[in-house]
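Survey of secondary and tertiary structure
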Amino acid sequence: MDNQNNYHNNHISSKQELPIDLHSLFGEVEDVAKMGVYKAELPSLKLYFSDGLYKLFGEEPQSFEPSLDWINSRSTTTDAEAVDKILNQAIIDKKPYTYTRRIRKKDGEWRTLLSNGKVVCDDSGKPVRFIAIVLDITEQKKAEKRIQGNRELLQSVFDTSLIGMSVFKAVRNESNDIIDFKILIVNRLIEKNTGRKDLVGKLYLQEFPGIKQAGIFDKMCEVMSTGVPSQMEYKYDVEGFNNWFLTMFVKQNDNLVATTLEITDKKRDEEEKDRSFTLLKQTEQISSMGSWSYDTKKQKMSWSEGMYNLFHLQPGVEISPETYLDFIVPEDRAKLEEQVINKIKDELKEFDEQITFLIQGERKLIQIKATPITDSDGNKVQMLGIDMDITEKSSAEEKLRENEFMKMLLEKKDEFMSVASHELKTPITTLKASLQILCRLIEQHKDENVLLVFAMKANQQVNKVIRLISDLMDNAKIQAGKINLNIDPFLLSEVIDDCIAFQTGGHEIIVHNNVNEPIEGDKHRIEQVLTNFLSNAIKYSPSGKEIIITANREDEEVKVKVRDFGIGIPPSKIDHVFDRFFRVDDKSQEFSGLGLGLYISAEIIKKHGGTYGVVSEPGKGSTFWFSIPLKHHSASPLQG
């Protein structure tokens, strides 16, 4: 369009271009579709507007002669220059063209118009005119902007999740078989675990061929085929990985949502437990002993293999506490019923008894030692016991060693069953429902606010489970003496800000931080301690509105205090608040938790070579504090 000034002062009514019998119908179509038509003759560049196009500019149809200058006066300079380039190129290429232009209507309102046109040539191939349809896409653009904003917010929700989240789309061949999955969405945890920030838009199997070997690809295809959600545990030990994962897949139309949790530590703990059970079995064989458990709710007794060997019974034979009566010598029958059977079934009390049994014609002195196991609510749910043949043990020294050995085994068994009794049940129903709705809304590209609600619900459930699992795993590491520190310099202000950012509950958190120099320590673990103190303060001050965090330097140490104005702690219990599994209010369900947070916090502070404590007054609140050295020194064996 070298002669774009020839646009000026050109006009003809669109009515002259349309058959009279179609004009009325065409006008109605334009009104309904919010569209218009223009034609520009070449090389004169004379413009023709339909009635609908006048209306898109907010003008009366055929009220003036349109021109390029007039259009540009209602547009932006940037848009005018861009459109001119597109039309000039269209004349050269002789191909259809499209462009968007923002225009200002007569009343001052700005609208966005989309033009789809083509170049018309004469018989010799010379361009003679433009013809284009113009659509008002203002509302569509606004909706796209809102959707993009909500998508960015949704992505930020995904990125704060403590669990890996991915969305895939099935890629099929001509036979409709799935040959790969296109990666649509991944959150930051997936990017961190894979070391890749370029996964979106890539093909999953092409980028990670190992998913075929691990069975992941087949599981994904199975869920897509059946529509039934499924999960799998797998070890991914290819392409530089050596980790265990738990992934759940949920289908939505032709998309697949995957939530992935790394469970490497959990699987290693299970392997350690398996080794412990093997050791227990070997110990039973060597020591002529066996172990048993009694479920108080099901009223069912279970024996280990060592118990069946001890009483020379065929493994699998149904047993109960009364099974002892089949072997008891007459003179010990009353003692057995009163001191053993009644305490197992009814009294649920700890006991340690030596009973004489007649086994295959031989009198055997069996020591039976048992203890009750309670759940988080204080209910006795199991009796655990060990039976040992002490017939041949004669010397007091040997008996003492055996008693100590039995005590150690019982404590190990007790500890294992205690953790097992606190096994967490993942709120998979809530998570599954939220993800299904989330997939549906993503596919439909609507109801973005509702989509965010369900994404946040799923995120909350996942974070809750992970926090509880983390506490149990930290407890196991502490008991095994395997909790380690990663020592680096960090700023206390960053730790405080991060802790406050993840708290909810409507409390006003006031900070007085007078420590500006770097501290040497494990930033993640110190943040864990402060988060536990802060969460504890919020939980036990439901009616209090203020929580005060104070940090000061005292000589070569840093002391941090968290003060609340809540219910406080009774004097009789204040010495136990840092004990494992201890809860201040164990008679009420009002305050949830496993009673591990403060215990783990205390162990972390000791590992840093620091001190900790609490000052409290019932009805007026509590102040939890800890001190750690500015410069880290390895903790002593007693501390670590």
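If you're wondering where the values come from, they're calculated on a predicted model, not measured in any experiment.

Looking only at helices and strands, the chain features 18 helices and 22 strands. Burial analysis of the chain (640 residues in total) assigns 44% to the buried set. Put simply, 56% of the contacts in the chain that link residues at least 6 apart link residues at least 24 apart. Carbon and sulfur atoms provide 49% of the accessible area of the chain, an area that totals close to 34400 Å².

Attention shifts here to the packing of helix 16 (residues 492–501) against helix 17 (residues 523–539). Any two packed helices are characterised by how steeply their axes cross, that is the angle between the axes, and by the distance between the axes. At a minimum axis separation of 9 Å, helix 16 and helix 17 run at an interaxial angle of 45 degrees. With respect to their mutual orientation, helix 16 and helix 17 come out oblique. Handedness of the helix 16/helix 17 crossing: right-handed. Contacts from E494, V495, I496, D498, C499 and I500 of helix 16 reach helix 17 at K523, I526, E527, L530, T531 and L534. Here the contact of helix 16 with helix 17 is composed, by residue class, of 7 nonpolar, 1 polar and 4 charged.

Across the sheet, which stays open at both edges, the 5 strands sit in the order 2-1-5-4-3 with antiparallel pairing between neighbours. The two strands at the open ends of the sheet, each matched to only one other strand, are strand 2 (47–49) and strand 3 (97–104). Sheet twist, expressed as the mean angle between neighbouring strand axes with direction ignored, is 25 degrees. As paired elements, strand 1 (residues 35–41) and strand 5 (residues 127–136) share 7 bridges and run antiparallel to each other. Bridging from a neighbouring strand, K39 pairs with I131 of strand 5.

Once that is clear, we can look at the pairing of strand 12 (residues 300–303). Residues M301 and W303 line the buried face of strand 12, whereas the alternating positions K300 and S302 sit on a face that is not buried. In textbook terms, the turn of a hairpin is the stretch between consecutive antiparallel strands, and for strand 11 (residues 289–295) and strand 12 this stretch comprises 4 residues, one of which, Q299, has a positive phi near 55 degrees.

Quick look at helix 12 (residues 333–347) now. For an α-helix, the turn length of 3.6 residues means that residues three or four places apart are oriented alike. When the terminal C-alpha atoms of helix 12 are compared, their 18 Å separation across 15 residues is substantially less than the 21 Å that a helix rising 1.5 Å per residue should span. At I341, helix 12 shows its largest bend, some 45 degrees. Of all the residues in helix 12, the buried ones are L336, V340, I341, K343 and I344. Residues of helix 12 that are buried sit in contact with strand 11, strand 12, strand 13 (351–359), strand 14 (362–374) and strand 15 (380–389).

It is worth spelling out the packing of aromatic side chains at this point. What the rule picks out here adds up to 24 aromatic pairs. Measuring from centroid to centroid gives 5.8 Å for F311 and Y324, while their planes differ by 65 degrees, and the two rings are edge-to-face. Residue F311 is located in the loop between helix 11 (305–310) and helix 12, and its partner Y324 is located in the loop between helix 11 and helix 12; the two are separated by 13 residues in the primary sequence. In terms of burial, F311 and Y324 fall into one category: buried.

At a minimum axis distance of 9 Å, the contact between helix 17 and helix 18 (residues 597–607) shows a crossing angle of 145 degrees. Judged by the twist between their axes, the crossing of helix 17 over helix 18 is left-handed. Taking contact as the criterion, the partners of R525, I526, Q528, V529, N532, F533 and N536 in helix 17 are, on helix 18, G597, L598, I600, S601, I604 and I605. Within the contact of helix 17 with helix 18, the residues separate by chemical class into 7 nonpolar, 5 polar and 1 charged.

Looking now at the pattern of salt bridges. Counted under the stated rule, the structure contains 23 salt bridges. Between K364 and E362 there is a salt bridge, with its nearest N and O atoms 3.4 Å apart. Connected via shared salt-bridge partners are E109, R111, D136 and E139.

Glancing now at the pairing of strand 21 (residues 611–617). Where strand 21 lies against strand 22 (residues 621–629), 7 bridges are found, and the strand directions are antiparallel. Looking at the pairing, G613 lines up with W625 of strand 22. Taken together, strand 21 and the strand that follows it, strand 22, pair antiparallel across an intervening segment of 3 residues, in which G619 is found at a positive phi of about 85 degrees.

Attention now goes to helix 17. With 17 residues, helix 17 extends 24 Å from end C-alpha to end C-alpha; this agrees with the ideal 24 Å at 1.5 Å per step. Within the sequence span of helix 17, burial applies to R525, I526, Q528, V529, L530, N532, F533, L534, N536, A537 and I538. One side-chain oxygen at the N-terminal end of helix 17 lies 3.2 Å from the backbone nitrogen of H524; it belongs to D522.

A separate point is the side chain of D136. Residue position: D136 is located in strand 5. Taking relative accessible area as the criterion, D136 reaches 18% and is therefore assigned buried. Within the structure, the side chain of D136 is placed 2.7 Å from the side chain of T138, a separation counted as a polar contact. In this view, D136 contacts K34, L56, R111, T112 and L113; residues no more than four positions away in its chain are not counted.

Take the environment of V29 next. Turning to its location among the elements, V29 is positioned in helix 1 (residues 20–33). Taking C-alpha positions, V29 is 9.0 Å from G52, a pair spaced 23 residues apart along the chain.

Thresholds applied
Residues numbered from 1 in each chain as written. Predicted model: local features only at pLDDT ≥ 70, side-chain atom pairs only at ≥ 80, totals over all residues. Heavy atoms only, no water. Helix = DSSP H or I, 4+ residues; strand = E, 2+ residues; numbered from the N terminus. Buried < 20%, exposed > 50% of the residue type's maximum accessible area, 1.4 Å probe, protein only. Contact = heavy atoms within 4.5 Å. Areas by Shrake-Rupley, 256 points an atom, 1.4 Å probe, with all protein chains shown as cover. Axes fitted to C-alpha atoms, helices over the stretch in contact; angles between N-to-C directions. Parallel < 35°, antiparallel > 145°, perpendicular 65-115°, else oblique. Left-handed = near helix turned anticlockwise from the far one by under 90°. Nonpolar A, V, L, I, M, F, W, Y, C, P; charged D, E, K, R; others polar. Pairing = 2+ DSSP bridges. Expected span 1.5 Å × (residues − 1). Bend = angle between axes of the 7 residues up to and from the residue. Phe/Tyr/Trp six-rings, centres within 6.5 Å; stacked < 30°, edge-to-face > 60°. Salt bridge = Lys/Arg side-chain N within 4 Å of Asp/Glu carboxyl O. Polar contact = N/O pair within 3.5 Å; in protein donor to acceptor, adjacent residues only side chain to side chain.

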